[in-house]
Amino acid sequence: MAVSFRSVKIVAISALVLLLSIGGVFFAGYLIKLDREIRDRFAGARWALPAQVYAAPQELYVGLPLNARDLVHELSRLGYREDAELGMTGTYSAGAQRVDLYARAFSFWDGPQPAQKLSVTFSGDIVSAVTDASSGEARDIVRLDPMLIGSIYPKQGEDRVLVRLADLPPLLPKGLVAVEDHDFYSHSGVSLKAILRASVANLRAGHVVQGGSTITQQLIKNFFLNSRQTWNRKFNEAFMALLLESHYSKDEILEAYLNEVHVGQDGNRAVHGFGLGAQFYFNKPLNELRPHEIALLVGIVKGPSYYNPRRNPKRATERRNLVLGVFRDEGLISDADYQQYVQMPLGVVGGRGGGVERYPAFVQLVRRQLEADYKEEDLTNEGLRIFTTLDPRAQEALETRVLEQLPLIEKMRKIKPGLLEAAGAITSADRGEVLALVGGRDVRFPGFNRALDSRRSIGSLAKPFVYLTALQQPDQYNLETVLEDEPIELKLPGAALWAPKNYDRQLHGPQHLYMALAQSYNLPTVRLGLALGPDAVLKTMRAAGYQGEAKALPSIFLGALDASPLQVAQMYGTIASGGFQARPSAIREVQTKEGQPLQRFPLEVKQTIAEGPVYLLTWAMQKVMTLGTGRAAYTQLSPDVVVAGKSGTTDDYRDAWFAGFGADRVTVIWVGRDDNQSTGLSGSSGALPIWSRVMKDLHVRSIEPIPPGSVEEILIDPDSGLRADEHCYNAVTVPYLRGSGPQDWAPCAAQAEQGPLQWLKDIFGH
Amino acid sequence: MRSKLIVAVAALVLAACQTTQGTHQIYPPASGPQAEPLPPPPAQPEPKPLEAPAVVEPPAPPLASFPKSAEQISGSAVTALMKQARQYRSAGQPDRAAGVLERALRIEPRNYFVWSALGQAYLAQKNYLQAESVAQKSNALARGNVYVAVENWKTIAAARDARGDAIGALQASAQVEALQAQLSAAPGTP
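In this text, all values refer to a predicted model and were calculated from it rather than measured experimentally.

Caption draft 1: Layout of the overall build of chain B. What chain B contains, in helices and strands, is seven helices and zero strands. Looking at chain B as a whole, 43% of its 190 residues are labelled buried. Relative to all contacts within chain B whose residues are 6 or more apart in sequence, the contacts with residues 24 or more apart total 56%. Carbon and sulfur atoms make up 60% of the accessible area of chain B, which amounts to about 9900 Å² in all.

Caption draft 2: Broad picture of the overall build of chain A. When you go through chain A residue by residue, the secondary structure sums to 23 helices and 31 strands. In terms of overall size, chain A is more extended than a compact globule, its C-alpha atoms giving a radius of gyration of 35 Å where 766 residues would be expected to give roughly 27 Å. Taken along its principal axes, the extent of the C-alpha atoms in chain A is 150 × 70 × 50 Å. Put simply, 69% of the contacts in chain A that link residues at least 6 apart link residues at least 24 apart. As displayed, chain A has an accessible area near 32500 Å², and 54% of this comes from carbon and sulfur atoms. Separation between the mean location of the 81 positive side-chain charges and that of the 85 negative ones in chain A comes to 9 Å.

Caption draft 3: Looking closely at the sheet that holds strand S15 (residues 385–388) of chain A. Residue and element names in this part refer to chain A. Pairing is mixed in the open sheet, where five strands are placed in the order S11-S1-S15-S23-S24. Strand pairing shows two members of the sheet lacking a second neighbour, strand S11 (148–152) and strand S24 (597–600), which therefore form its edges. Averaged over all neighbouring strand pairs, the angle between strand axes comes to 20°, with direction disregarded. Relative to S11, strand S1 (residues 51–54) is paired through four bridges, and the arrangement is antiparallel.

Caption draft 4: Summary view of the pattern of salt bridges. In total, this model carries 47 salt bridges over all chains according to the counting rule given. Across the pair Lys314 of chain A and Glu318 of chain A runs a salt bridge, and its minimum N-O distance is 3.8 Å. Within this pair, Lys314 of chain A and its partner Glu318 of chain A are both found in helix H10 (residues 313–329), separated by four residues, close to a single helical turn. For Lys314 of chain A, a relative accessible area of 64% gives the class exposed. Between Arg441 of chain A and Glu410 of chain A there is a salt bridge whose closest N-O contact spans 2.7 Å. Here the residue Arg441 of chain A occupies a position in the loop between strand S17 (434–438) and helix H15 (450–453), and Glu410 of chain A occupies one in helix H14 (residues 392–412), the gap between them amounting to 31 residues. There is no split in this pair, since Arg441 of chain A and Glu410 of chain A are both buried. Overlapping salt bridges bring together Arg431, Glu433, Arg588, Arg600, Asp664 and Arg665 of chain A together with Asp95, Glu102 and Arg106 of chain B as one network.

Caption draft 5: Representation of the packing of helix H16 (residues 463–471) of chain A against helix H21 (residues 611–626) of chain A within the structure. All names here are of chain A. Where H16 contacts H21, the axes come no closer than 9 Å and their chain directions differ by 135°. The orientation of H16 with respect to H21, classified from their angle, is oblique. For H16 against H21, the interelement crossing comes out right-handed. Only Pro613, Val614, Leu616, Leu617 and Met621 of H21 make contact with H16, whose side of the interface consists of Pro464, Tyr467, Leu468 and Leu471. Of the residues that constitute the contact of H16 with H21, the class distribution is nine nonpolar, no polar and no charged.

Caption draft 6: Local environment of the packing of aromatic side chains. All names here are of chain A. All told, the structure shown has twelve aromatic pairs over all chains when counted by the stated rule. A centroid spacing of 5.9 Å and a plane angle of 75° characterise the contact between Phe106 and Phe387, whose relative ring orientation is edge-to-face. Taken together, the positions of Phe106 in strand S6 (residues 106–108) and Phe387 in strand S15 put the pair 281 residues apart, joining distant regions of the chain. The exposure class assigned to Phe106 is buried, which follows from its relative accessible area of 12%.

Caption draft 7: Layout of the confidence of the model for chain B. All names here are of chain B. Averaged over chain B, the pLDDT score is 76; the fraction of residues at 70 or greater is 64%. Of all secondary-structure elements in chain B, the lowest mean pLDDT belongs to helix H1 (residues 2–17), at 49, while helix H4 (residues 112–124) reaches the highest, 97. Between residues 9–59, whose pLDDT stays under 50, and residues either more than four places distant or in other chains, the model counts 68 contacts. Scoring of the predicted complex yields 0.84 for pTM and 0.84 for ipTM.

Caption draft 8: Representation of the sheet that holds strand S31 (residues 732–737) of chain A within the structure. Residue and element names in this part refer to chain A. Taken in spatial order, the three strands make up an open sheet running S30-S29-S31, and their pairing is antiparallel. With one partner strand each, in any of the chains shown, strand S30 (722–723) and S31 form the two edges of the open sheet. The sheet contacts of H21 involve strand S29 (711–717) and S31, and relative to S31 the element is tilted by about 150°.

Caption draft 9: The pairing of strand S27 (residues 655–661) of chain A, seen in detail. Residues and elements named next belong to chain A. For S27, a buried count of seven out of seven residues is recorded, marking the element as mostly surrounded by other parts of the structure. With burial as the criterion, each face of S27 is covered, one bearing Asp655, Trp657, Ala659 and Phe661 and the other bearing Ala656, Phe658 and Gly660. Sheet topology note: the strand S26 (residues 644–649)/S27 ladder contains six bridges and is antiparallel. Note on S27: the bridge partner recorded for Gly645 is Gly660. Between the end of S26 and the start of S27, which pair antiparallel, lie five residues, with Asp652 showing a positive phi angle near 55°. Connecting the antiparallel pair S27 and strand S28 (residues 665–672) is a turn made up of three residues.

Parameters at a glance
- Residues numbered from 1 in each chain as written.
- Chains lettered and ligands numbered in written order.
- Predicted model: local features only at pLDDT ≥ 70, side-chain atom pairs only at ≥ 80, totals over all residues.
- Heavy atoms only, no water.
- Helix = DSSP H or I, 4+ residues; strand = E, 2+ residues; numbered from the N terminus.
- Buried < 20%, exposed > 50% of the residue type's maximum accessible area, 1.4 Å probe, protein only.
- Contact = heavy atoms within 4.5 Å.
- Areas by Shrake-Rupley, 256 points an atom, 1.4 Å probe, with all protein chains shown as cover.
- Rg over C-alpha atoms; globule rule 2.2 N^0.38 Å.
- Lys, Arg positive; Asp, Glu negative; His and termini not counted.
- Charge placed at Lys NZ, Arg CZ, Asp CG, Glu CD.
- Pairing = 2+ DSSP bridges.
- Axes fitted to C-alpha atoms, helices over the stretch in contact; angles between N-to-C directions.
- Salt bridge = Lys/Arg side-chain N within 4 Å of Asp/Glu carboxyl O.
- Parallel < 35°, antiparallel > 145°, perpendicular 65-115°, else oblique.
- Left-handed = near helix turned anticlockwise from the far one by under 90°.
- Nonpolar A, V, L, I, M, F, W, Y, C, P; charged D, E, K, R; others polar.
- Phe/Tyr/Trp six-rings, centres within 6.5 Å; stacked < 30°, edge-to-face > 60°.
- pLDDT = per-residue confidence, 0-100.

Right under this line is the structure:
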């Protein structure tokens, strides 16, 4: 018995030892696995850093058309605040004719620009001096730091801007430790004291009111684990925290935490880290935050949704003030400061999007253009810095006017409010840079981007290309060529009889070529197009930049072809720049996250249409604005600003377009309905009101009336179309391609009786 | 006799005002063989053109009226940027030079000296197609400025040559020579 009992005991002990050993081996294996995971995660590419997208910087130089109010507006958009002392970067002090500012340092593509105090003096609406405020030295040209307008974050939606502990205001890490994990610098990753304290608090309350997690544990939780509160997870978390502490310093862990922690949500986009948090809530860099703003960020960590300052400002204020109380109790701020800060407003900017993702339509274009050159994961992981062409002032003008005019048009036309949609694009004529883009009425909503992706009939916007085709044949056509405005019927194989009409269903008699365009008459345009042939017209459109699939049919003369507003801007840009086509470009440069230049997207232009005919067409398009369907623009624009443009209206008033340009800005506006039903609006009534106001806001430069060498300007008598002189009362100057103008004199001219130089011959008696 | 001389001189002056096309006149000739030469502008009511006053084709402007250097038509900001671009060029960084010149173009988009310099920067980058396009753009904006045009045609000739377009390069070189001849023939130019 005894023997057998003893052997059983031996067997049992052996089994136990064996089990423990096996368990120990497994446990060791488990620890090794955890350890490797932690090292990989922590030491490797720690975060996928989304590319950061910047607007074009505001340049400051003598002669810049900008007044003090504009500059202050620009500065506040960048999150600068008024401070007469210029106590830190990101501050300014404004007078009526002078603005002093402390510009932030910024690493531009072509080199860093240090932080500097500047003094900008104005003379009315023009910058008259830019000087270094410390030395008083004049500066030729300086840039403000560009606005961060978005980022390219991956599908799972984590967005962040990396910060280093050394760059932070000291109050932030100290305050965070005081609030979240008082014993952070003394515990070894897990704090029994904190767990006990939390347990007592939870038992008292009867449910979970307090967490006992250290900063290290929270970091682990954010790094690896989902937020389900299971024992298994708690167990892993504790061991991982201990392992992490054994490998890394407290400061490294804290820095990781500051960059990892979730601080807010914007739709699908999760805002991580204090760097992006500062931008997201306050629209400025972290090092410019003041104590009450730091307190809010620290407070939000406990529950970004519950304490969302935009949705629950009262709760957020209470939480902030509680945090400020901790700051005071810990001696981080004085009691006087505390009393002052708890009175301060939250200071959170904007609504949805909160100052970071302000221009989704534009950022979408940036993303598409980048995808041609970069892999998806490079864009979402490598922290690239993307410098774009977005001009915040142009963008603001476009957004403001779309949002202001659509309701007015709806009201006036008794259209159901909210039914109309709109899209628009502004580009620089000579370079094709996309300066502003509106993809729909909800300008902050990153949804269907009509400026890029809608394909709507362009209607009469196509007409200039018919006329341009004609003007390229100077032996046949010039601006004074008379076109018939007579009905026409066309039977094309396999199609119904086509009998186009003028929009007003009237006939207007013979028209000069330029007037037929100015008044947007359909019948003369179709007659002209048929004489030229649809192939020739389509070729001109392609030369201007049209890339669609339209077939060479007569219906293209009246715009039965689809394009997006941005494509139209490209086509009209070719006209605006004298026949040089430029691909619409949204990106200037790309930098690595360290600030090294990586790639430049150089300007690309190509002459695709001869300059002379384009000059003549532009002249006719100026007549659209002074005599034709665009003349209402001059209720907004000063009469001495020369602009050229064209209205576009499609069948049954489904689409209202206006496209046109001054010397350096091309603007295209589309207004219509998403269901492609009639709006009853023409280009002049639906799109022109927006277009002309945008051009006014842009202070668009006047087109210079300097003809190229291939063009001569001739005084003619419009009745006969022949040469005029001072004897002709209603003579007009018309540009002709050299050698293609009329040779004979009009009856009203003194020379009518004789040929040119006749009098000289007479003198010399030949 | 004396009046006949005046007539002859006036006729020559008028003839000199003709352009090569020879279709425009500054003043309308008076009628009749006995007419006074150079009649004063008509005293009748001014014609009322709808547009700006009639610009009769001017004689080709004298060379001296063309700006010779960028500084003459550029603001201080663009002048500073062009200087910076030259420094990048001589430091063998044409890409940076091009970046700076594009910055200048955003300020003065129709400054043909900047376009011209950009063409040279592209040439240095071996981007020959754009070098030519941009030089052509400068020519288009320069509206006959020979000083700029001669530089642009040099760029175009070099770009075509580098691309293996021998005939195009020869044509461009011929342009350079013609423009240089025009420059050296002009009085008052160095």
